[in-house]
Amino acid sequence: MKFFIDTANIDEISKAAAMGVLDGVTTNPSLAAKESLPYRELLTEICRIVPGPVSAEVLATDYKGMLAEAEQLCKIADNIVIKIPTISEGLRATKALSDDGIPVNATLVFSAMQALLVAKAGAAYVSPFVGRLDDISTDGMQLIEDIITMYHQYDYRTEVLVASVRHPMHVQQAALMGADVVTMPFKVIDQLIKHPLTDIGLEKFLADYKKAGKN
Ligand code: E4P
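Residues numbered from 1 in each chain as written. Predicted model: local features only at pLDDT ≥ 70, side-chain atom pairs only at ≥ 80, totals over all residues. Heavy atoms only, no water.

J.: Sorry if this is basic, but what is going on with the overall build of the protein here?
T.: When helices and strands are tallied, the protein shows 11 helices and 8 strands. Dimensions of the protein, computed from the C-alpha atoms along their principal axes, are close to 70 × 40 × 30 Å. Taken over 215 residues, the protein has a buried fraction of 44%. For the protein, restricting intrachain contacts to residue pairs at least 6 apart in sequence, the fraction spanning at least 24 positions comes to 55%. Split by element, the accessible area of the protein, about 11400 Å² in all, is 56% carbon and sulfur. With 20 positive and 27 negative side-chain charges, the protein shows a spacing of 5 Å between the two charge centroids. (Helix = DSSP H or I, 4+ residues; strand = E, 2+ residues; numbered from the N terminus. Buried < 20%, exposed > 50% of the residue type's maximum accessible area, 1.4 Å probe, protein only. Contact = heavy atoms within 4.5 Å. Areas by Shrake-Rupley, 256 points an atom, 1.4 Å probe, with all protein chains shown as cover. Lys, Arg positive; Asp, Glu negative; His and termini not counted. Charge placed at Lys NZ, Arg CZ, Asp CG, Glu CD.)

So this is what it looks like as structure tokens:
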């Protein structure tokens, strides 16, 4: 399973990249708005740090505007993936870009039917937002299971990218279900390695060695 980080923050991206398990990055306008660098400069720097797929979202909501923005974003680096919102105009743009060989990440997906449509349009990634579904008392991970089942039936190549991840259990469930990618905030990547018994065990190993006068 691939690990992407869901942030536009350069420090977090650098730290996650240094851990050696980072495969890509997803950004969105809300995340970019938190940073001081302009979006284009941010993306250039992110693509320099991470050689894997870096999702950059268009701001236009009409077909022509989306294609024009995508053209500019693609010039930033070879590893840019165009993030397109899953609306009618976005579906059209997804089809056109995918037909041209440009990878699209279909974002803001909340239903199995939206996921089916973007796969038919040729999206490289589908991003179902599990945390936001959980927030409204709907089982986000059930949607992931449904999409994986549906894609397998028809052999769609669109990769299932679990988004809006809130905690390590989302990541574990996604792995058990066979999702292709999970994108998560730095906090969640950091939580994955932590276990209190590991810390207690390490402390005891070191203390025992010291007690024996070996230091
Ligand atoms: C996905 O690519 C989005 O950037 C993201 O996962 C949204 O997550 P949020 O619901 O925590 O804002």
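From this point, the narrative continues.
J.: Help me understand the environment of Ala 93 in this model?
T.: Position of Ala 93 among the secondary structure elements: in helix α5 (residues 88-99). With a relative accessible area of 0%, Ala 93 lands in the buried category. For the pair formed by Ala 93 and Arg 132, sequence separation is 39 residues and the distance between their alpha carbons is 25 Å. Those residues in contact with Ala 93 that lie beyond four places of it in its chain are Tyr 63, Met 66, Leu 67 and Ile 84.

J.: I'm lost on the nonpolar core in this one. Help?
T.: Burial of nonpolar side chains together is a common tendency in soluble globular proteins. In terms of nonpolar packing, the biggest core is built from 58 residues, with Ile 80, Tyr 151 and Val 162 touching the most fellow members. For this core, the leading source of residues is helix α8 (residues 140-154), giving 7 residues. Other than its neighbours up to four places away in sequence, Val 162 contacts Pro 128, Val 130, Met 141, Ile 144, Ala 174, Ala 179, Val 181, Val 182 and Thr 183. In this structure, Val 81, Tyr 125, Leu 161 and Val 181 belong to the second largest nonpolar core, which totals 7 residues. (Core = buried A, V, L, I, M, F, W, Y, C linked by side-chain atoms within 4.5 Å.)

J.: Quick question: what am I supposed to make of helix α1 (residues 10-18) here?
T.: Since one α-helical turn is 3.6 residues long, residues separated by three or four positions face the same way. Regarding α1, the residues found buried are Ile 10, Ile 13 and Ala 16. For α1, the angular spread of buried residues about the axis comes to 130 degrees, placing them on one side. Opposite the packed face of α1, turned more than 90 degrees from it, sit the exposed residues Asp 11 and Ala 18. Between the side-chain oxygen at the start of α1 and the backbone nitrogen of Asp 11 there is a gap of 3.1 Å, and the oxygen is on Asn 9. (Arc of directions from axis to C-beta. Polar contact = N/O pair within 3.5 Å; in protein donor to acceptor, adjacent residues only side chain to side chain.)

J.: Explain the pairing of strand β1 (residues 2-6) here, please?
T.: Moving residue by residue along a regular strand, the side chains alternate between the two faces of the sheet. A large share of β1 lies buried, amounting to 4 of its 5 residues. In this structure, β1 lies alongside strand β8 (residues 181-184), joined through 4 bridges in parallel fashion. Counterpart to Lys 2 in the pairing with β8 is Val 181. Bridging between β1 and strand β2 (residues 24-26) involves 3 bridges; their strand directions are parallel. When the sheet's bridge partners are listed, Asp 6 is paired in β2 with Thr 26. Once the chain exits β1 it traverses α1 before rejoining the sheet at β2, and the crossover so formed is right-handed. (Pairing = 2+ DSSP bridges. Right-handed = clockwise from strand over helix to strand, strands pointing away.)

J.: Even after reading the chapter, I still don't get the site of the ligand, so can you show me in this structure?
T.: Contacts to the ligand come from Asp 6, Thr 26, Asn 28, Lys 83, Phe 129, Arg 132, Ala 163, Ser 164 and Arg 166. Between an oxygen atom of the ligand and a side-chain N or O atom of Lys 83, the distance comes to 2.6 Å. Here the residues of the shell around the ligand sort into 2 nonpolar, 3 polar and 4 charged. (Near = heavy atom within 4 Å. Nonpolar A, V, L, I, M, F, W, Y, C, P; charged D, E, K, R; others polar.)

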